[in-house]
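Observations on the three-dimensional arrangement
Chain by chain, the residues:
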Amino acid sequence: GGNHNFNLVLRHGGTLYVDDGRPAPGLIERTVKNLTEVSPTLYFNVPRGFDLLLPFLETDAALRASFFRDLDVVFYAAAALPPNLWARLEALAENERGGRLAMFSAWGATETSPLATQVHFAIDRAGVIGLPIAGCELKLVPSAGKLEARVRGPNVTPGYVKQPELTRAAFDDEGFYRTGDAMKLADPDRPERGVVFDGRVAEDFKLTTGTWVHVGALRTRLIAAADPVVQDAVITGHDRDEVGALVFLGAQARTQAPESVRARLVEALHALAREPGGSSTRPCRVLVLDEPPSLDDGEITDKGYLNQRAILERRASRVEELYRGGEGVIVVRPAEIA
């Protein structure tokens, strides 16, 4: 935030407003209040922040007018923006402004101070994270069925203080930092169109069939298929026969009748089951979690996205319930689809 957002505003002689709200229930209302008082020209947020803000923008005409009045650019980072959120933002901008909204992103880590790629050209979909910034090199290396992104440049840390073993493990033999993130080319024939974030290699796992499950891509497909019921999801299935998901409901869905929510989730699973692909590309079972993700217990990172591993560990009993079956578990398999 200091290296990127603050210095960007400082370099161009702008004014920086720091939102004292947070992308969490009970705190997003503070963000809403702030946006009724300040109309930004450039707005930064994380995908979870947009997820919680969108229902307010869609229902509050005064907030919508204030937010879009002077807005030139929306910038998101820290996690992948689900396609359904991108579409909803574009629809609001079209209705309010009469034209498309410029949406940009970047990618990096704390170790890359703070970014390694940047979108600096028009993009028409979520997921594109641009091209390497000046002086930084990007290398894509096969790993677990994907391409792991590794970076080298003057912006990359030389290592970890007083932790030589950790430093050695973090870099390959050419001096590239191993990020653990996966990427692919947006257009294999035109690399100048940038790279696309393809999830975390460390989050992916294998089913008992030996097939890799790519968590990031599957999570965004489930959220999009169940829009707007599912706010976020944790993918399960490590060393099991089927992929499952623990889901957190969106704000509007939490006020709906359980039967209506269940019907929408069944519809989403049916839609995913009809898509081409094997058992690793779709969840067969879903369980709605009543308790929201806990910031204090490490289930939400400081950037506002879900810590999949922490949730799976803390809620191991709910994972067992998901696979044991029961009244709250929804199961849909491709073979059952007419």
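Some words on the overall build of the protein chain
Helix and strand counts for the protein chain come out as ten helices and 15 strands. Here the protein chain has a C-alpha radius of gyration of 21 Å; the compact-globule value for 338 residues is 20 Å, and the two agree. With the C-alpha coordinates aligned to their principal axes, the bounding extent of the protein chain is approximately 60 × 55 × 40 Å. Looking at the protein chain as a whole, 46% of its 338 residues are labelled buried. Once local pairs closer than 6 in sequence are excluded, the contacts in the protein chain between residues at least 24 apart make up 60%. Roughly 16,800 Å² of accessible area belongs to the protein chain as shown, and the carbon and sulfur atoms make up 53% of that amount. A gap of 2 Å separates the mean positions of the 39 positive and 46 negative side-chain charges of the protein chain.

Here's the deal with the pattern of salt bridges
A complete count under the given rule lists 25 salt bridges for this structure. The partner of arginine 150 in a salt bridge is glutamate 148, and the shortest N-O contact between them spans 3.1 Å. By relative accessible area, which is 8% here, glutamate 148 ends up buried. A single salt-bridge network, built from bridges that share partners, covers Lys139, Glu148, Arg150, Asp172 and Glu174.

A few points about a nonpolar patch on the surface
A cluster of nonpolar residues, Phe6, Leu10, Leu16 and Val18, forms a patch on the protein surface that exposes about 410 Å² of accessible area. The residue leucine 10 is located in helix α1 (residues 2-11) in this model.

Here we look at the environment of proline 292
With respect to the helices and strands, the residue proline 292 is situated in the loop between β14 (285-288) and α9 (308-314). In this structure, the C-alpha to C-alpha distance between proline 292 and leucine 249, residues 43 residues apart in sequence, is 8.6 Å. Other than its neighbours up to four places away in sequence, proline 292 contacts Phe248, Glu299 and Arg315.

A closer look at the environment of serine 66
Positionally, serine 66 belongs in helix α4 (residues 61-68). With 115 residues separating them in the primary sequence, serine 66 and aspartate 181 have C-alpha atoms 36 Å apart. If we ignore the near neighbours within four places in the chain, the residues touching serine 66 are Leu35, Thr36, Val38, Ser39 and Pro40.

Focus: the sheet that holds strand β13 (residues 244-249)
One open sheet holds the four strands; their spatial order is β12-β13-β14-β15, and the pairing between them is mixed. Each having just a single partner strand, β12 (230-236) and β15 (329-331) make up the two edges of the open sheet. The sheet shows a mean angle of 25° between the axes of neighbouring strands, taken without regard to direction. Strand direction decides the pairing type here: β13 and β14, joined by four bridges, are parallel. Among the inter-strand pairings, valine 247 is bridged to a residue of β14, identified as valine 288. Across the sheet, helix α7 (residues 215-225) touches β12 and β13, and the angle it forms with β12 is around 145°. Sheet strands in contact with helix α8 (residues 258-274) are β12, β13, β14 and β15, and its direction is about 30° off that of β15.

Brief notes about the layout of surface pockets
Within this model, the second largest pocket holds a volume of roughly 450 Å³. As for the second largest pocket, its lining consists of 21 residues, of which Leu249, Val261, Val288, Leu289 and Asp290 are closest to the centre. Breaking the lining of the second largest pocket down by element, the ones donating at least two residues are β13 and α8. Broken down by element, the residue count for the lining of the second largest pocket peaks at four residues, all from α8.

Reading guide: rules and limits
Residues numbered from 1 in each chain as written. Predicted model: local features only at pLDDT ≥ 70, side-chain atom pairs only at ≥ 80, totals over all residues. Heavy atoms only, no water. Helix = DSSP H or I, 4+ residues; strand = E, 2+ residues; numbered from the N terminus. Rg over C-alpha atoms; globule rule 2.2 N^0.38 Å. Buried < 20%, exposed > 50% of the residue type's maximum accessible area, 1.4 Å probe, protein only. Contact = heavy atoms within 4.5 Å. Areas by Shrake-Rupley, 256 points an atom, 1.4 Å probe, with all protein chains shown as cover. Lys, Arg positive; Asp, Glu negative; His and termini not counted. Charge placed at Lys NZ, Arg CZ, Asp CG, Glu CD. Salt bridge = Lys/Arg side-chain N within 4 Å of Asp/Glu carboxyl O. Patch = residues over 30% accessible without salt bridge, like charges linked within 9 Å, V, L, I, M, F, W, Y side chains within 5 Å. Pairing = 2+ DSSP bridges. Axes fitted to C-alpha atoms, helices over the stretch in contact; angles between N-to-C directions. 1 Å grid on protein atoms, 1.4 Å probe; cavity = no way out; pocket = protein on both sides within 12 Å on 5 of 7 lines; lining within 4 Å. Points joined across faces, edges and corners; volume = space filled by probe spheres on them.

Note that every value here comes from positions in space, so none of it alone points to a role or purpose.
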